[in-house]
Protein chains: 2
Amino acid sequence: MIARDRQSRLERSRRWALAHAKVARKRIGRWPRYVPLIDVAREYRRDDLPHDLIAGCVLGVVTVPQAIAYAFLAGLPAQAGLYACLLPMVLYAVFGSSRQLVVGPVAVAALMVAAALGEHAPAYSDRYAAIATILCLEVGILLWLLRAFQMGGIVNLLSHPVISGFINAAAVVIIVSQLAAFTGVVPAGGGSAVEQATRLWQALPEADLKAVGIGFASLVVIWIVRHYGRFVGSWVGDSPIRRAGPMAVVLLATICVAVFGIDVATVGHVPAGLPTLALPPLELAMWWDLAPNAALIALVAYVESYSVGKTLASRRQRRINSNQELIALGAANVGAALTGAYPVAGSFSRSGVNFAAGARTPVSTLVCAVVVAVTVAWLTPLFRHLPHAALAAIVIVSVFGLFEFHAIRGHWKFYRADVFTHLITFVGVLLAGVEAGLLLGVVIAVMLFVRRSSQPHIAELGRLGDTPHFRNVDRYDVQTWRHVKVLRVDESFYFANANKIESRLSRIVERQPRLEHMVLVCSAVNFIDTSGLEMLERLNFRLGRFNVRLHLCEVKGPVRDQLDTIGVTDWLSGKVYQTTDDALFELARAS
Amino acid sequence: MIARDRQSRLERSRRWALAHAKVARKRIGRWPRYVPLIDVAREYRRDDLPHDLIAGCVLGVVTVPQAIAYAFLAGLPAQAGLYACLLPMVLYAVFGSSRQLVVGPVAVAALMVAAALGEHAPAYSDRYAAIATILCLEVGILLWLLRAFQMGGIVNLLSHPVISGFINAAAVVIIVSQLAAFTGVVPAGGGSAVEQATRLWQALPEADLKAVGIGFASLVVIWIVRHYGRFVGSWVGDSPIRRAGPMAVVLLATICVAVFGIDVATVGHVPAGLPTLALPPLELAMWWDLAPNAALIALVAYVESYSVGKTLASRRQRRINSNQELIALGAANVGAALTGAYPVAGSFSRSGVNFAAGARTPVSTLVCAVVVAVTVAWLTPLFRHLPHAALAAIVIVSVFGLFEFHAIRGHWKFYRADVFTHLITFVGVLLAGVEAGLLLGVVIAVMLFVRRSSQPHIAELGRLGDTPHFRNVDRYDVQTWRHVKVLRVDESFYFANANKIESRLSRIVERQPRLEHMVLVCSAVNFIDTSGLEMLERLNFRLGRFNVRLHLCEVKGPVRDQLDTIGVTDWLSGKVYQTTDDALFELARAS
């Protein structure tokens, strides 16, 4: 009964997906395809609204403190963070294909902006805001270009081990940088995370004990709300009230500082009012200098947003469209550029809050944007007495959620190279900085992949009993022949492995004086490049010298087409057989 | 009769190779393995000597003018080129595993040295000789390190398209740079080949007509010797006298300038006497700055030497040992460093001359070294009146032999990406310089490879008649099933293609409402990385939502071992079958 019920539910969900796809294709015009909010509006039901309203308000409460804290992490004023939750959030709601993803300021992008500011601000007389908006616009344009040239696939180069190594290290870097604010000592300045940590350690005796106290008190408040909040907030889904800790910290810390007149570093004056629209300055030299930074921020922002969006979508049996995500995230960043914010991306933690608070459509993020707008318009005087140490505590707690080390152990057993990639990226970011470390990780990942395929597994095969199947002689009890060698090369023939394959196959022939035929099983050869082709020609020639014929079998369609263009049958000393069975049927008898 | 004769000859040659390998393994000690000249000496027969003597003298006549010309190409004095033919040549003869390869100054390495000098000489007060010897020593040490860490395979990254694109462009760059000497105008200075050509064009009105005359006369002499020399020199093998053109040019031009007192730029004073041994200066900053240049020179030198050596060895049914070549070429470069020369490599043209002149052993190169030593010791005053224009003509003619464009057309049909790689490297070297262009080529080659494997070919398979074989439904008339899809993904599952594979397979499922089983044929899956594994887990979960089971079959041993470590059978909704036939036997009936 239960099984049938489950099956019918699945059947329904599949039918829904099919129907949805058909409807989407039939709709007049292409607008809904590019503006998913139109679809949302058409399908919107009255009972979705309370869910979205509650989720949006919860999200707003979580968003405001994070937005201010991340702005300081990026080295920008508080309003830059708040502005990043207005137009960008609205634009993503309009264009994004994910229904729960929350776009806005995120820790990793803030860190990368901080690195870019540290690198370029001295050369441009500390015009932080100008640099941040140019970065935004470039990120947006680059994402649109990736869409226009169908190059979205390039983000796959940021493999999971690279990204997780990068984010783990970024979390460490962020915590180190926030410890400076936490302890009230002078910001640790530039340099790698290790240098910053050293300087922080040396400056520790000068720590402002009031700031440290506020910081620790903030951590305790967040911990209490997270652990006991579930009893309070059980009326809205999965207790999103547990995420309200940061807002509680903001309120409590502000009140304490204002009432008791504690003398610590605070946020100070934040201009009230909504941002005005303005284009970033059009200085070509600046644009050119910032382009590499923008490219890396764009890739990281997209990878993070896409993976968060995909995870959330799959929980509701939806799919998100990678091309549409490029458009939407590009639009959000362009929006950030026009309103004086800084680069935005999909937030892992806030999207989770949104999802857990029961958001059904992007309307919840629109509600959140209204909450932020109200804050910006009327509530900014409240932040005057908000201490930096409390914000640092908020960042440190949110960043702890980014750590992802548990996967490494499983990876070590399964595929060791990925663990190396992870660790090298991690260490690289800590020692060489955010951008150099990330690039190092990508290069290492590609190099390890090329290295892997440059040393192919070559198996000698034999016939399994009387069957037409052939298996590795080392793993199975199979029939072999003295005058025929059947070899399976488990890799495409291409430049990085052509020499290796040639020398290994030649050595096999030289050690077998009675050999007459070598059969290459090409079931794993997915393509052959010109180096691979030259290798085959040389191998054919060399085997000919030893009076051994070279045969190919199980050649796949695309490779067969390639070989036909150069007339392989004209120069190959042997034949091209359909199957290994065919080859052995002829060759094993022939002797 | 002829066939049997050929067969017995082949049988003999194979027996020879086997016996040789056995003997080499049995010999006492490992010395002959590391010092192939010991083997040469043991096997040396009296009738080898005249062949080696003649070849050595012919080689000497070809080498001397080239050595001087390439030294000027590198921006070094004439003696640096001559010294590069003494100790380096002897050391390669001792340690090299190729019997005909001639190591010494080559055009491409000279060009790369010129680039390094142009880049670094201004910072080190124009100490050209010091820079050149440090480069040598670094090249030698890097080659030894590659041997020590078993990293020789890294040179495979310099694929054939990259190397041929690079060498074609290098030939153009060299010709442009020599045209300056050819026309007697001021050397064109730094910048890319395009800039040099532009400046040369603008300076053309000031050309020294006497130099141009000598240059053209030299070209004519070389052409005449090459085309009519065969009638003269037929007594030594394949008319190596045809290669004596450069020596004739040197003699004729020197005599003309000396006798008629023509006022053109000449080589001038070359110090007489053999080089003294000296270590390059131990300045760490300089070593560090030059290391990247040295690394590129080392890779290019090794790739060229190895490929020339391999070609020559295969003509005599020998093999050369890639590890031993690293040692030998490293030793040659260290020798060059100690004697004030510049980086050396295996010369394509002179190795060909040596081979064609009938050299049987490395003794011929020892003879050549003696010829060069005699020249350096007593004949340097003869070069006083040797005009630069004649040397430029010699370089231009030898460099024409490097061009290799004919392969492109065949490659276009066979594997288009290689043509792109070739052209991008070619254009990159011309526009961005020798080193940047080479690196660009390597990066492009790797990127195109990753791109290729990131968009895998996915074939739907069906049963071929009553056989146990399965083929692509688009290419064969095969039996298919409504409730079972058999899909073959022609690539390993790894980070660059995991998302792509997942989305394509999911789409197939969503379009087939009656589907119950998806069978992934893994015959082309050579490994799975952690991104690939996560993809399989997600796919398994997603198919489960649609009530479709995921099965694997034809999983290879190494991949099976990987999957066993994480207990794939515990979470996979379907089974892992040995063969596609097994899978379909069970699944096709089950419905």
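Our subject in this report is the structure included herewith. (Residues numbered from 1 in each chain as written. Chains lettered and ligands numbered in written order. Predicted model: local features only at pLDDT ≥ 70, side-chain atom pairs only at ≥ 80, totals over all residues. Heavy atoms only, no water.)

Right, let's talk about the overall build of chain A for a bit. Per the secondary structure count, chain A includes 25 helices and 8 strands. Overall size of chain A, expressed as C-alpha extent along the three principal axes, is 100 × 60 × 50 Å. A buried classification covers 56% of the 591 residues belonging to chain A. Taking the contacts inside chain A whose residues are at least 6 apart along the sequence as the reference set, 80% of them involve residues at least 24 apart. Charge centroids of chain A, computed over 56 positive and 41 negative side chains, lie 8 Å from each other. (Helix = DSSP H or I, 4+ residues; strand = E, 2+ residues; numbered from the N terminus. Buried < 20%, exposed > 50% of the residue type's maximum accessible area, 1.4 Å probe, protein only. Contact = heavy atoms within 4.5 Å. Lys, Arg positive; Asp, Glu negative; His and termini not counted. Charge placed at Lys NZ, Arg CZ, Asp CG, Glu CD.)

Superposition of chain B onto chain A requires a rotation of 180° combined with a translation of 0.0 Å along the rotation axis, giving an RMSD of 0.0 Å. The symmetry that links the two subunits is that of a two-fold axis. Measuring from the rotation axis to each C-alpha of chain B, the shortest distance belongs to Ala524(B), at 2.0 Å. Both copies share a contact surface, since 100% of the interface residues of chain B are interface residues in chain A too. (Least-squares fit on C-alpha atoms with pLDDT ≥ 70 in both.)

Residues and elements named next belong to chain A. On the secondary structure map, Val-259 appears in helix H12 (residues 245-260). The class of Val-259 is exposed, set by a relative accessible area of 60%. The spatial distance from the C-alpha of Val-259 to the C-alpha of Glu-537 is 86 Å, given a sequence separation of 278 residues.

Let us now look at the packing of aromatic side chains. Counted according to the given criterion, the structure contains 24 aromatic pairs over all chains. With a centroid separation of 5.5 Å and 10° between ring planes, the pair formed by Phe527(A) and Tyr415(B) is classed as stacked. Residue Phe527(A) is located in the loop between strand S6 (517-521) and helix H22 (530-545), and its partner Tyr415(B) is located in the loop between helix H18 (407-414) and helix H19 (416-432); the two belong to separate chains. Tyr415(B) carries the same exposure label as Phe527(A), and that label is buried. Pairing Tyr494(B) with Phe527(B) gives two aromatic rings, centres 6.3 Å apart and planes at 45°, and the pair type is tilted. Taken as a pair, Tyr494(B) in the loop between strand S5 (484-489) and helix H21 (498-510) and Phe527(B) in the loop between strand S6 (517-521) and helix H22 (530-545) lie far apart in primary sequence, 33 residues in all. Taken as a pair, Tyr494(B) and Phe527(B) share a single burial class, namely buried. Every member of this aromatic cluster is reached through a ring pair, and the members are Tyr415(A), Phe449(A), Tyr494(A), Phe495(A), Phe527(A), Tyr415(B), Phe449(B), Tyr494(B), Phe495(B) and Phe527(B). The residue whose ring lies beneath Arg416(A) is Trp412(A), and the NZ or CZ to ring-centre distance is 4.5 Å. (Phe/Tyr/Trp six-rings, centres within 6.5 Å; stacked < 30°, edge-to-face > 60°. Lys NZ or Arg CZ within 6 Å of the ring centre and 35° of its normal.)

Attention now moves to the pattern of salt bridges. Across all of its chains, the model carries 32 salt bridges over all chains by this definition. As a salt-bridge pair, Glu502(A) and Lys310(B) come within 4.0 Å of each other at their nearest N and O atoms. Separated into two different chains, Glu502(A) in helix H21 (residues 498-510) and Lys310(B) in helix H13 (residues 284-315) make up a pair that spans both. Among the residues examined, Glu502(A) registers a relative accessible area of 6% and is labelled buried. Two residues, Lys575(B) and Glu586(B), come together in a salt bridge whose shortest N-O distance is 2.7 Å. With a gap of 11 residues between them, Lys575(B) in the loop between helix H24 (568-571) and strand S8 (576-577) and Glu586(B) in helix H25 (residues 580-590) connect regions that are remote in the sequence. Residue Lys575(B) is classed as partly exposed on the basis of its relative accessible area, which comes to 42%. Several salt bridges share partner residues, and in doing so they unite Arg45(A), Asp47(A), Asp48(A) and Arg360(A) into one network. (Salt bridge = Lys/Arg side-chain N within 4 Å of Asp/Glu carboxyl O.)

Before going further, it helps to examine the interface of chain B and chain A. Listed per partner, the contact involves 80 residues of chain B and 81 residues of chain A. Counting the surface lost from both chain B and chain A, the interface buries some 7,400 Å², and carbon and sulfur atoms represent 54% of this. Elements that contribute at least two residues to the side of chain B that touches chain A include exactly helix H1 (2-26), helix H9 (160-183), H13, H18, helix H20 (434-454), H21, H22 and helix H23 (557-565) of chain B. In terms of residue count, H22(B) provides more of the side of chain B that touches chain A than any other element does, 9 residues in total. (Buried area = accessible area lost by both parts, 1.4 Å probe.)

Here we take up the sheet that holds strand S5 (residues 484-489) of chain A. Strand pairing in a sheet relies on backbone hydrogen bonds. The paired strands run either parallel or antiparallel. All names here are of chain A. The sheet built from 6 strands is open, its strands ordered S4-S3-S5-S6-S7-S8 with mixed pairing. Edge positions in the sheet fall to strand S4 (470-472) and strand S8 (576-577), since each has one partner strand and no second. Pairing geometry for strand S3 (residues 458-463) and S5, over 4 bridges, is antiparallel. Looking at S5, one finds that Glu-460 is bridged to Leu-487. Contacting S3, S5 and S6, H21 crosses the sheet at an angle of about 160° to S5. (Pairing = 2+ DSSP bridges. Axes fitted to C-alpha atoms, helices over the stretch in contact; angles between N-to-C directions.)

Now for helix H17 (residues 388-400) of chain B. It helps to recall that an α-helix has 3.6 residues per turn; residues three or four apart then point in one direction. Residue and element names in this part refer to chain B. With 13 residues, H17 extends 18 Å from end C-alpha to end C-alpha; this agrees with the ideal 18 Å at 1.5 Å per step. Within H17, 11 of the 13 residues are buried, which leaves it mostly tucked inside the rest of the structure. Turning to H17, its buried residues are Ala-389, Ala-390, Leu-391, Ala-392, Ala-393, Ile-394, Val-395, Ile-396, Val-397, Ser-398 and Val-399. (Expected span 1.5 Å × (residues − 1).)

Okay, the sheet that holds S5(B) next. Residue and element names in this part refer to chain B. One open sheet accounts for 6 strands, arranged S4-S3-S5-S6-S7-S8; its pairing is mixed. Of all the strands in the sheet, the pair left with one neighbour each is strand S4 (470-472) and S8. Direction of pairing for strand S3 (residues 458-463) relative to S4: antiparallel, over a ladder of 3 bridges. Its bridge partner lying in S4, Gly-462 is registered against Arg-471. The strands that H21 touches are S3, S5 and S6; relative to S5, the one it contacts most, it runs at about 160°.

Moving on: the environment of His457(B). Positionally, His457(B) belongs in the loop between H20 and S3. The spatial distance from the C-alpha of His457(B) to the C-alpha of Asp490(B) is 5.4 Å, given a sequence separation of 33 residues. When neighbours within four sequence positions are excluded, His457(B) is seen to be in contact with Pro558(A), Asn472(B), Arg488(B), Val489(B) and Asp490(B).

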